[in-house]
Amino acid sequence: MSLLVLGLLFVHVRTYGRFRTSWSQLTLFPTLWATLCCTLPYINPIGYLGIWSPPYQRDPYTWLLSYTGPTARIWVIAAWASLISQAVATGYMGSTSDANQSPASLIDHEYTSEEDNTPPPYSGPSSNLLLTMLLIGLALPSLFFTPLPLSVISTETTPLGVGCILPSYARYKHHIPTLEDYVKETERLQSSTKLLLWPEGAVTFRSEEERTTGFQLIAKQLHKNVHVGVSFEETFIDPTDSTGWTGAKRTGIALISNSSTSPHFIYYKRHLVPIAESFSLRHSSAPPALYTIDLPAPSNTKKSEWAPGPTFTRPISITASICLDFAQPVPFAALDSRPSFILGPANTWDPTIGLMMWNQAVQRANELRTTILWCDGGKDGVSGIAGPGHGEISQVGPGSWARDIGLEYPFRSQRTLYAKIGDTVLLLFWVGVGVMDHLYLPGLKFTRMRALLVDARRRLIAILPSTRRGNEPHPPNLLDA
């Protein structure tokens, strides 16, 4: 990363002087920095963890996440850095004449001779002031839209009890919880919840038959309308071995309930931690699927008041991803609609890594404007509810927990702008740098167009009769009106 940053600075220094306007020079570094930080995650095996990116926090620019993802926030931070660095340099070295000129005046300077005293057609605020006003303007919406968790009891929300299953040694006396420990812990919490999640790789199956048997055991212990996301590690037949004698391992998650003899969906981890996981596990290329749960009315609510007939149920669309998948750009781009809820099992080995992955989950939830149940089975792993209005850690380390949350109702399944277009907002930043500067393009020179217009004006003024009368006042120039 350090070499890439040095390379970026080298490119910035070499290209800075080629831009004619102070605006383009000022916004060049933020655009280069945003391009670097948003391109590397696509080719980096650990995604956003391998680059510098601002951790999620409720700042004035958080509302941009669902529209531009992390790209705009990275650009904004770099833009503030560019403004501050220029202010410090100006205060230390003194102001320059160019620093106080507007972008238009800098363009006109090239084509204005000493004899031409015509004032520039535009004299506005400096680029520093324009950029400062832009950054402040982008922060203003946060004053009017403060994200708060949705109310659990409301006509506009669907109450949902969710929980994270983390069996502790104090209760079961096992340093590594067994399948029976997870089943008992699930039975203990399912009376007050409708959706539960086990951490990444909670149980291990040595074959697909053993996995099927385990799923059936879990489903038999579940109450009606209770769903549980079971994360597991399994051994399967290596598809690259035609003899079938070689096995391979992979990590997945299955959504299980007692209403079906088979899982509603199974998702396998697509991005493995280099060396630690990639050495022993196989990754998948299949994107996550979307499953809809039909949630019936609570016991204290009439069916007709809960939802319209004939089913009198409320749909909740659910999908899942696993740990490092959340550190990748747009991990749910393959979905045709916005999910109501996302299951996020994890198992981190270090508190710092656990907190970094939690921040990634919170950021992905805000990009999609959805809710993520994050369940980390690491020794000091952090778990909680992530999403708009949510972001506080509910649990650190072992110990199961449950809570009630409110989901939007009726749920709008339209995807967010960022989910549709991804990081293409980078093109807008580059257009802002190039158009404001009137760059020379192959076969088309915008700056020469302006020069031709200036020259045409001079020629027109020269042939007007009034210009040859030395003592008569000049009529007003219509072109300057």
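Note that the structure is a prediction, hence the values are computed from the model and not measured.

The rules behind the values
Residues numbered from 1 in each chain as written. Predicted model: local features only at pLDDT ≥ 70, side-chain atom pairs only at ≥ 80, totals over all residues. Heavy atoms only, no water. Buried < 20%, exposed > 50% of the residue type's maximum accessible area, 1.4 Å probe, protein only. Helix = DSSP H or I, 4+ residues; strand = E, 2+ residues; numbered from the N terminus. Pairing = 2+ DSSP bridges. Axes fitted to C-alpha atoms, helices over the stretch in contact; angles between N-to-C directions. Patch = residues over 30% accessible without salt bridge, like charges linked within 9 Å, V, L, I, M, F, W, Y side chains within 5 Å. Areas by Shrake-Rupley, 256 points an atom, 1.4 Å probe, with all protein chains shown as cover. Salt bridge = Lys/Arg side-chain N within 4 Å of Asp/Glu carboxyl O. Phe/Tyr/Trp six-rings, centres within 6.5 Å; stacked < 30°, edge-to-face > 60°. Lys NZ or Arg CZ within 6 Å of the ring centre and 35° of its normal. pLDDT = per-residue confidence, 0-100. Contact = heavy atoms within 4.5 Å. Disulfide = S-S within 2.5 Å.

**Student:** Before we go on, may I ask you to explain the pairing of strand 8 (residues 314-320) in this structure?
**Tutor:** In summary, the side chains of a regular strand alternate between the two faces of the sheet. Taking burial as the measure, the seven residues of strand 8 include six buried ones, the bulk of the element. Here strand 7 (residues 291-295) runs beside strand 8; their pairing, made up of five bridges, is antiparallel. When the sheet's bridge partners are listed, Y291 is paired in strand 8 with I318. Bridge count between strand 8 and strand 9 (residues 341-346): three bridges; the pairing is parallel. When the bridges of strand 9 are listed, A320 appears paired with L343.

**Student:** How should the environment of I77 be read in this particular structure?
**Tutor:** Assignment of secondary structure puts I77 in helix 4 (residues 70-93). By relative accessible area, which is 36% here, I77 ends up partly exposed. C-alpha of I77 to C-alpha of A34: the two residues are 43 residues apart in sequence and 9.4 Å apart in space.

**Student:** What am I meant to see in the sheet that holds strand 7 here?
**Tutor:** Spatial ordering of the open sheet is given by 7-8-9-10-11-12, a layout of six strands whose pairing is mixed. Strands with a single pairing partner mark the edges of an open sheet, and in this sheet they are strand 7 and strand 12 (393-396). Strand-to-strand twist across the sheet, computed as the mean angle between neighbouring axes with direction ignored, equals 20°. By the bridge criterion, six bridges tie strand 9 to strand 10 (residues 371-376) in an arrangement that is parallel.

**Student:** How should a nonpolar patch on the surface be read in this particular structure?
**Tutor:** A cluster of nonpolar side chains, I136, L140, L143, F144 and F145, forms an exposed patch at the surface whose accessible area comes to about 600 Å². For I136, the position within the fold is in helix 6 (residues 127-139).

**Student:** Explain unusual backbone geometry to me, please; I cannot follow it from the model alone.
**Tutor:** Trans is the common state for peptide bonds, and a negative phi is the common state for residues other than glycine. In this structure, the amide linkage connecting G309 to the following residue, P310, adopts the cis form with an omega of 5°. Looking at the secondary structure, you find P310 in the loop between helix 10 (303-306) and strand 8. Residue Y409 is joined to P410 through a cis peptide bond whose omega torsion reads -10°. One can find P410 in the loop between strand 13 (401-408) and helix 12 (417-421). For V330, which is not a glycine, the phi torsion comes out positive at approximately 35°. Tracing the sequence through the fold places V330 in the loop between strand 8 and strand 9.

**Student:** How should I be thinking about the packing of aromatic side chains in this particular structure?
**Tutor:** Aromatic ring pairs are described here by two measures, namely the spacing of the ring centres and the angle between the planes. For the structure on display, the rule yields ten aromatic pairs. An angle of 20° between the planes, with centres 6.2 Å apart, marks the rings of F29 and W33 as stacked. Here the residue F29 and the residue W33 both occupy positions in helix 2 (residues 22-43), the gap between them amounting to four residues, near one helical turn. On the numbers, 4.9 Å between centres and 10° between planes, the contact of W75 with F429 is stacked. A residue pair is termed long-range when its members are at least 10 positions apart, and W75 in helix 4 and F429 in helix 13 (residues 425-437) qualify at 354 residues. The structure contains a cluster of three or more aromatic residues connected by ring pairs, namely F205, F215, F232 and Y268. Over the ring of Y268 we find R250; its NZ or CZ atom is 3.9 Å from the centre of that ring. Here the basic side chain of R314 rests over the ring of W306, its NZ or CZ set 3.8 Å away from the ring centre.

**Student:** Would you mind going over the confidence of the model for the chain with me for this structure?
**Tutor:** Detailed reading of the predicted coordinates is not advisable wherever pLDDT falls low. Here the chain shows a mean pLDDT of 84. Residues at 70 or above account for 83%. Low pLDDT (under 50) marks residues 96-124, which in the prediction has 37 contacts with non-local residues, meaning those over four places away or in another chain. For the stretch residues 439-446, pLDDT sits under 50, and the model shows twelve contacts to residues farther than four places along the chain or on other chains.

**Student:** I'm lost on the state of the cysteines in this one. Help?
**Tutor:** Counted under the stated rule, the structure contains one disulfide. For C37, which is in no disulfide, the shortest distance to another cysteine sulfur is to C38 and amounts to 6.5 Å. What makes C38 buried here is its relative accessible area of 2%.

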